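Summary of the model geometry
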Amino acid sequence: MTYLDWVRGLAVVIMLQGHVFHSFSRQDLRTDGPFVLSQFFGGMGPAMFLVLTGITLAFLMDGRQRQGLGPMARWRAALRRAGYLFTLAILFRIQLWAFAYPQSSWTNLFKVDILNCMGFAIVLMSIMAIFTTAERVRLCAVLGVAIAAASPVVSSMNWTWLPQDIAAYIVPSTQYFAFFPWAAFIAFGISIGSVLRLVEPAHTNRMMQWGALLGLALMAGGQYFSNLPFSVYPKSDFWVDSPGLIVIKLGAVMLLLAFAFVWSEFAVGSAWSWVRQLGTTSLLVYWVHIELVYGRWFGSWKESMNNIECAFAAVAVIALMLGLSMLRTNWPSVRAAFRPLFSAQSPRRVSGD
């Protein structure tokens, strides 16, 4: 399913440009159209990554089921996936803190980033592995709706009794990737991924057509209900905890999945794609670009660029990350090409008499 790598690569491009503008744009330009547009589209990146994470988890659960593993074995496999992501999240925060030392505060080690959200959400949703793939379609869709619907309620509750580092995993915030509402995308992803595993390959085209129509309906419905003059919630912030925004983004992701399928299957086929290339090494690109864009490497340029300079910087970062991605993919060939050079330069052993 190369189209999933294409969607992941598009999420990488959206993320890169959003982070470049966020880090380097001047403060007085942050109400202008280019910056606002950059951040608006940048908000789609996390949703795309989380849905794709859910799809991948669904494939894992279904794969273990087809191998004949029992419910508990499938559950343990899902928990191992969560542990892997949590380990990456911890190593990621340690690396960022160490590279920024002594300017970085030790509290940055506990920041809840998207990898933390993935790990925490998968721990809680791993129980879905005990059900069949067909059952997960319905259960995870309902779970996604429940998480999205509960987000404004959770946001309005008093969480001061809970330590801030723990509350950051639960309470909606603009500063963290909390379970509410972001985990809804993982739940929806598990549901979508389960559908993909149940559909016969010959029927995928028709299924994507229906997915695109459903995506359009979700976007229209989310926009309509978000603009109603009344709300069932006493308090809700559209950009932080609104179920309407979750539905709109989910619809957009479903449209992108359908487009990527058509593009990959009927346009480019198996030909090389720079967008898909980025998607195959998204974790490496994410890790390196965060240090590059937000670290101390270009500290003198932070919050000092105009819109045109930010656009050129975004193109440069995307090109650099594409080069890194290609190097990673072709590393065995690159290493083999340079091995004779290093062998020729190494001192030869002189045999004794």
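The structure contained in this document is the topic of the report that follows. (Residues numbered from 1 in each chain as written. Predicted model: local features only at pLDDT ≥ 70, side-chain atom pairs only at ≥ 80, totals over all residues. Heavy atoms only, no water.)

**Things to note about helix H9 (residues 204-226)**
Helix length check: H9 (23 residues) gives 32 Å between terminal C-alpha atoms against 33 Å at 1.5 Å per residue, within 8%. Taken as a whole, H9 has its buried residues at Thr204, Met207, Met208, Gly211, Ala212, Gly215 and Gly222. Contacts made by the buried residues of H9 are with helix H1 (2-24), helix H8 (179-198) and helix H10 (243-268). (Helix = DSSP H or I, 4+ residues; strand = E, 2+ residues; numbered from the N terminus. Expected span 1.5 Å × (residues − 1). Buried < 20%, exposed > 50% of the residue type's maximum accessible area, 1.4 Å probe, protein only. Contact = heavy atoms within 4.5 Å.)

**Overview of unusual backbone geometry**
For the bond running from tyrosine 101 to proline 102, omega is 10°, close enough to zero to count as cis. Relative to the elements of secondary structure, proline 102 occurs in the loop between helix H4 (71-100) and helix H5 (114-125). A cis geometry characterises the amide bond from phenylalanine 180 onward to proline 181, with omega recorded as 0°. By the element assignment, proline 181 lies in helix H8. At glutamate 303, a residue that is not glycine, the phi angle is positive and equals roughly 55°. Within the secondary structure layout, glutamate 303 lies in the loop between helix H12 (282-294) and helix H13 (307-329). On the basis of relative accessible area, glutamate 303 is assigned to the partly exposed category, the value being 42%.

**Considerations on the packing of H4 against H5**
Put simply, H4 and H5 touch, their axes get as near as 8 Å, and they point 155° apart. Viewed along their axes, H4 and H5 adopt a mutual orientation that is roughly antiparallel. Here the hand of the crossing between H4 and H5 comes out left-handed. Two secondary-structure elements touch here, H4 through Ala78, Leu79, Arg81, Ala82, Leu85, Phe86, Leu88, Ala89 and Phe92 and H5 through Leu115, Asn116, Met118, Gly119, Phe120, Ile122 and Val123. (Axes fitted to C-alpha atoms, helices over the stretch in contact; angles between N-to-C directions. Parallel < 35°, antiparallel > 145°, perpendicular 65-115°, else oblique. Left-handed = near helix turned anticlockwise from the far one by under 90°.)

**Side note on the nonpolar core**
Formed by 96 residues in total, the largest nonpolar core has its most connected members in Ile55 and Met125. Counting residues per element, this core draws most heavily on H1, at 14 residues. In this structure, methionine 125 is in contact with Met61, Leu143, Ile147, Phe179, Ala183, Ile186, Ala187 and Ile190, ignoring residues within four places of it in sequence. (Core = buried A, V, L, I, M, F, W, Y, C linked by side-chain atoms within 4.5 Å.)

**Some remarks on the side chain of aspartate 62**
Examined against the element boundaries, aspartate 62 turns out to sit in helix H3 (residues 44-66). For aspartate 62, a relative accessible area of 3% puts it in the buried group. In this structure the side chain of aspartate 62 is engaged in a polar contact, spanning 2.6 Å, whose partner is the side chain of threonine 133. Those residues in contact with aspartate 62, other than ones at most four positions away along the chain, are Thr133, Arg136 and Arg197. (Polar contact = N/O pair within 3.5 Å; in protein donor to acceptor, adjacent residues only side chain to side chain.)

**Observations regarding the packing of aromatic side chains**
Per the stated rule, a full pass over the model turns up 19 aromatic pairs. With 5.2 Å between their ring centres and 80° between their planes, tyrosine 224 and phenylalanine 225 make a pair best called edge-to-face. Judged by relative accessible area, tyrosine 224 falls into the exposed class, the value being 54%. Ring geometry for phenylalanine 298 against tryptophan 301: centres 5.6 Å apart, planes inclined by 20°, an arrangement best described as stacked. Residue classification places phenylalanine 298 among the partly exposed positions, given a relative accessible area of 32%. The exposure class assigned to tryptophan 301 is partly exposed, which follows from its relative accessible area of 46%. Clustering of aromatic rings is evident, with ring pairs tying together Phe40, Phe41, Phe238 and Trp239. Of note, arginine 197 hangs over the ring of phenylalanine 59, and the distance from its end group to the ring centre comes to 5.3 Å. (Phe/Tyr/Trp six-rings, centres within 6.5 Å; stacked < 30°, edge-to-face > 60°. Lys NZ or Arg CZ within 6 Å of the ring centre and 35° of its normal.)

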